[in-house]
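Here's the letter readout for the chains.
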Amino acid sequence: MIWLRLAWDRATARLFVTLVVVLGVIIGSAVSETIIGITESAGKTLVETGRAADLVIGPVEDPRLLVLQGLFLIGGSSAQIPAYVAEELRDDPRVAQVVPYILGGNVRGFPIVGTTRNHPALAGSDVLADFLETNDRVAVVGSVVARSLRLKIGDKILSAHEALEGNAGKPLTVAAVRRTHGDPWDRAVFVPLPVARTHHAFQGEKTLSGLLVRCATPRELLGLESDLRKRFSVGTAFPALEVRVIRKLWGDFESVFEGVAFLVFFLSLLSLVVMVTTGFRNRRRELAILRAIGFSRFEIILSSVAETTLLTGVGGVIGTGIAFAGSFFLGPLLTAGWGIPVMPLSAGTMIMGCLIVSSAGAVIGLLLAVPLLRCEISVILSDPLQ
Amino acid sequence: MIRLENISRTFFVGGRPVHALRKVSFSIAEGEYVTIMGASGSGKSTLLNILGCLDRPNAGRYFLDGREVGGMKDEELAAVRGHKIGFVFQAFHLVPRLTALENVELPMVFAGAERGARRRAAQKALETVGLADRAEHRPNQLSGGERQRVAIARSIVMKPAILLADEPTGNLDSRTGLEVIALLEKLNTSGMTLVIVTHDPKLGSRAPHLIRLSDGRVIEDVFPKGAVTAKRSINRAGERADENVAD
């Protein structure tokens, strides 16, 4: 491992410069990985949330708004659909599942969703689902809501309207906290459907905000959607289709963000290149001396690659750690603030980030070592100006 | 130990060939003290680079310990440089960021020697050149003579069979130069083959074996003080010199 020792010696010889370069790589990898992590996470959540239903049914309006409202809890509508639509759909053999929902009101900005136990947000947790089967004024709050409002089980919460009217007699009791999924429902307050129906902001006894529908088989989807529009005069939207459109729009932002990430990362690597090429003549002479006293080309290339990989590796690992912390703390803020669901970086993303940063260092080391070694040793050592 | 047969080396400068060496042939026996002399541009440094396996000839054969160097791969040449040959350069060529001791240790790092052994050997080499007390100084804290002595210590730390010195006194004042030469000669008396390249006639006349170059040819290959070693080498060298002059 002579090459490793050489690399270490060279890296530590100019400690200040090395630290500046490592700092540059840390900043570069942290910023780029945070940006990429957040955009990827948001994109992934967008697609996964879109898969929660085959069809969203609501008042007649722009299908995209229906999806944003019904699945992503963004925006609101005062229009409603008749509750019997849900009853009739339950008897339709083409339908596998119907989830009614009522949107109206919020708790300190977090939307209240009145629904039943089979809402996709509660899938896989009977304990949470059971709370929505009652008529009690209970709430299952998303993790972001709980964290932001510092709620724990048993706490009382008031909707914004009731708080505004000073109606403290009708609070909701936090029955459970839904764990973090990195989806839009992390910032929702789920209440039983009858409780939402009695809510001040909701106007109808026999109406709903909308329905999330799962078809028995995908090929029934088009026929069902067409029938629904004819029979009930409702608006319909295919989440998969709408998410694709949203993803395209989001993709433009993603490209900008990724461009920024790439630029920051590129600049950090540039600092490494500048460091290695500064004192090119000294470095070339040093390599010539090493070759003269017995080091082979291969060992010298390895030492150069190891030196740059060492710097980017250390910077990459620390930067990835910071990126993880960044996504961990920024994620909930973005989710709470703008409804962008963001999860902390996954282990796979972090490993990939470290590997990419280190590999970039290795490539730089290799690219810089090869031209150095193409010089004739004898020429370099004979010429006092070299 | 060293045998050169019709070695030629041509460089191309601006597309035009420059013949640095033309059919150079001579032998150097083990333990000899040889000076290679010539005016500037006569090809002596090129010859030393070829002897030290830092450069390869375009034509001819170079035998080192009976093995032809021309057929060796890069890795083998590196190993030969590391184990058999020690270099002393006119410009010292020490690594500025390392201390004297660390510079001397470098060839042993290549050899994979353990840290303790490296330290001991480097310390001993520095003692040999009289610089034990300057071990922790960096090159820029040393005088020219001291730097050259560190370079000599580095060149002998691996106990090479051959020591090649390219104008070792070129950057030194005359008194310091003589001290360095005395040190190299002392190493030669301990059995190390010493080849010095110089253009200084005084220095050249100190060696028992003198090879003189002009325009890339050997014009003289003599033993001015009488042959003291390797008679076979003397005869062959004389013949080669005649051939080269006639060429």
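The sections below set out a description of the structure shown in this document. Every chain is numbered on its own, with residues counted from 1 as its sequence reads. Note on labels: chains are lettered from A, ligands numbered from 1, in written order. In keeping with the predicted nature of the model, local features appear solely for residues at pLDDT of at least 70, side-chain atom pairs appear and are counted solely at 80 or more, and the whole-chain, interface and lining totals rest on all residues. Heavy atoms from the whole structure form the basis of all side-chain values; hydrogens and water molecules are not counted.

## A look at the nonpolar core
It is characteristic of soluble globular proteins that their nonpolar side chains tend to be buried jointly.
Then step 1. Counting 38 residues, the largest nonpolar core has Ile-57, Leu-89, Val-141, Ile-157, Val-189 and Leu-211 of chain A as its most contacted members.
Then step 2. Residues belong to a common nonpolar core when they are buried Ala, Val, Leu, Ile, Met, Phe, Trp, Tyr or Cys residues joined through side-chain atoms within 4.5 Å. Only protein chains enter the accessibility calculation, which uses a 1.4 Å probe. A residue is then buried if its area is under 20% of the maximum for its type, exposed if over 50%, and partly exposed in between. Within the second largest apolar cluster, 37 residues are counted, among which are Ala-292, Ile-377 and Leu-381 of chain A together with Val-197 of chain B.

## Points about the pairing of strand β10 (residues 217-222) of chain B
Residues and elements named next belong to chain B.
Then step 1. Bridging between strand β9 (residues 209-214) and β10 involves five bridges; their strand directions are antiparallel. Paired with Leu-210 across the bridge in β10 is Val-222.
Then step 2. Note on pairing: DSSP must find at least two bridges between two strands before they are called paired. A run of H or I in DSSP counts as a helix once it spans at least four residues, and a run of E counts as a strand once it spans at least two, with each numbered from the N terminus. In sequence, β9 turns back onto β10 through a hairpin of two residues, with Asp-215 there showing a positive phi of about 50°.

## Quick word on the packing of helix α2 (residues 15-50) of chain A against helix α10 (residues 239-277) of chain A
Residues and elements named next belong to chain A.
Then step 1. For helices, the axis comes from a line fit to the C-alpha atoms of the stretch in contact; other axes are also lines fit to C-alpha atoms, and the angle between any two N-to-C directions lies between 0 and 180 degrees. Their axes nearest at 9 Å, the elements α2 and α10 cross at an angle of 175°. The angle between α2 and α10 falls in the class roughly antiparallel.
Then step 2. For this classification, the nonpolar set comprises Ala, Val, Leu, Ile, Met, Phe, Trp, Tyr, Cys and Pro, the charged set comprises Asp, Glu, Lys and Arg, and every other residue, Gly included, is treated as polar. Taken together, the residues that form the contact of α2 with α10 break down as 22 nonpolar, ten polar and three charged. Any angle from 65 to 115 degrees is called roughly perpendicular, while one under 35 is roughly parallel, one over 145 is roughly antiparallel, and all others are oblique.

## Points about the interface of chain A and chain B
Then step 1. Contacts between chain A and chain B engage 23 residues on the former and 22 residues on the latter.
Then step 2. Buried surface area refers to the total accessible area, computed with a probe of radius 1.4 Å, that the two partners give up upon joining, counted for both partners together. Each partner contributes to the roughly 2200 Å² buried at the junction of chain A and chain B, and carbon and sulfur atoms together form 58% of this total.
Then step 3. The largest share of the area that chain A buries against chain B comes from Arg-5, Ile-289 and Ile-293 of chain A, three residues that together contribute 24% of it.
Then step 4. Throughout this description, the term salt bridge denotes a Lys or Arg side-chain nitrogen within 4 Å of a carboxyl oxygen of Asp or Glu. Summed over the shared surface of chain A and chain B, the number is two salt bridges.
Then step 5. The partner of Asp-74 of chain B in a salt bridge is Arg-297 of chain A, with the nearest N and O atoms 3.5 Å apart.
Then step 6. Nitrogen and oxygen atoms within 3.5 Å of one another constitute a polar contact, given that in protein one can donate a hydrogen and the other can accept it, and given that sequence-neighbouring residues count only through two side-chain atoms. Where chain A packs against chain B, one counts three residue pairs in polar contact (both at pLDDT 80 or more).
Then step 7. Elements with a contribution of two residues or more to the side of chain A that touches chain B: α1 (2-13), α11 (280-292), α12 (297-338) and α14 (377-382) of chain A.
Then step 8. Residue contributions to the side of chain A that touches chain B peak at six residues, all from α11 of chain A.
Then step 9. When the residues that make up the side of chain A that touches chain B are grouped by side-chain class, the tally is ten nonpolar, four polar and nine charged. Residues count as neighbours in contact if any of their non-hydrogen atoms are within 4.5 Å of one another.

## Quick look at the pattern of salt bridges
Then step 1. Applying the stated criterion across every chain yields a total of 25 salt bridges over all chains.
Then step 2. For the salt bridge of Arg-291 of chain A with Asp-74 of chain B, the shortest nitrogen-to-oxygen distance reads 3.3 Å. With Arg-291 of chain A in helix α11 and Asp-74 of chain B in helix α2 (residues 74-83), the pair connects residues from two separate chains.
Then step 3. For Arg-291 of chain A, a relative accessible area of 5% gives the class buried.
Then step 4. Across the pair Arg-175 of chain B and Glu-179 of chain B runs a salt bridge, and its minimum N-O distance is 3.1 Å.

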